[in-house]
Amino acid sequence: MKIAICPGSFDPITLGHLDIIERATELFDRVIILVMSNSAKQSAFTVEERIELIKKCIKNEKIEVDTFDGLLIDYAKKSGAAAIVKGLRAVSDFDYEFQQALINKSLYPKTETVFLPAKGENMFLSSSMVKEICRLNGDISPYVPEEITNDIYLRCKGDK
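Conventions adopted
Residues numbered from 1 in each chain as written. Predicted model: local features only at pLDDT ≥ 70, side-chain atom pairs only at ≥ 80, totals over all residues. Heavy atoms only, no water. Disulfide = S-S within 2.5 Å. Helix = DSSP H or I, 4+ residues; strand = E, 2+ residues; numbered from the N terminus. Buried < 20%, exposed > 50% of the residue type's maximum accessible area, 1.4 Å probe, protein only. Salt bridge = Lys/Arg side-chain N within 4 Å of Asp/Glu carboxyl O. Phe/Tyr/Trp six-rings, centres within 6.5 Å; stacked < 30°, edge-to-face > 60°. Right-handed = clockwise from strand over helix to strand, strands pointing away. Pairing = 2+ DSSP bridges.

1. Observations regarding the state of the cysteines
Okay, so step 1: Here the structure, examined in full by the defined rule, presents 1 disulfide.
Okay, so step 2: Between the sulfur atoms of C134 and its disulfide partner C156 the distance amounts to 1.7 Å. Taking the sign of the S-S torsion, about -50° here, the bridge from C134 to C156 comes out left-handed. Note that C134 is positioned in helix α5 (residues 127-135) and C156 in helix α6 (residues 149-156), a separation of 22 residues in sequence. Of the two residues, C134 and C156, both sit in the buried class.
Okay, so step 3: Not engaged in a disulfide, the cysteine C6 finds its nearest cysteine sulfur in C57; these two sulfurs lie 14 Å apart.

2. Here's the deal with the pattern of salt bridges
Okay, so step 1: One pass over the full model with this rule turns up 12 salt bridges.
Okay, so step 2: The salt bridge involving D19 is made with R23; its shortest N-O contact spans 2.8 Å. Taken together, the residues span about one helical turn, with D19 and R23 both in helix α1 (residues 15-25) at a distance of 4 residues.
Okay, so step 3: With a relative accessible area of 13%, D19 lands in the buried category.
Okay, so step 4: A relative accessible area of 25% places R23 in the partly exposed class.

3. Overview of the packing of aromatic side chains
Okay, so step 1: Tallied over the entire structure, the rule returns 4 aromatic pairs.
Okay, so step 2: Their ring planes at 65° and their centres at 5.7 Å tell us that F94 and F115 sit as a pair that is edge-to-face. Remark: F115 occurs in strand β5 (residues 112-117) and F94 occurs in helix α4 (residues 91-107); sequence separation between them is 21 residues.
Okay, so step 3: Assessed through its relative accessible area of 34%, F94 is described here as partly exposed.

4. Considerations on the pairing of strand β1 (residues 3-8)
Okay, so step 1: The buried fraction of β1 amounts to 5 of the 6 residues, a majority that puts the element mostly inside the structure.
Okay, so step 2: Where the polypeptide runs from β1 across α1 and back to strand β2 (residues 30-35), its parallel neighbour, the crossover connection is right-handed.
Okay, so step 3: When β1 meets strand β4 (residues 83-88), the two strands line up parallel, connected through 2 bridges. If you follow A4 over to β4, its bridge partner there is A83.

Function cannot be inferred from these measures alone, as they are strictly geometric.
Okay, structure coming up:
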């Protein structure tokens, strides 16, 4: 069984994330959405809340959700993952992700990194942009799954 990991902070998950994840299910037998903390980012949702939001959106039985607080490559070893799947929106993403891929390969040569380009309509999309649009009373519905739109509005408006 070929397992892939789609790591990220997913704060919150967007339609761009889901597109990459769903496309990964066409390439792998099982895909693990790995919710991780990013110390460089201030999160709107706790890890546990992000997992619950993701679970509301996932309908594909090939996808599971997990969390890990440590090196991604340690989780890859533990789970037996053949690949780490990363979405690329622009050339600037590639620079950073390529460095990560090289480090991960040096730490654990058995796991490959697979890059999937974002669809044109998602090239500009990020969780940070969604949160900013929401904070400024904009419409986030074109960018996030319908199942969690209200949860995001509640959080960014400070009602939760």
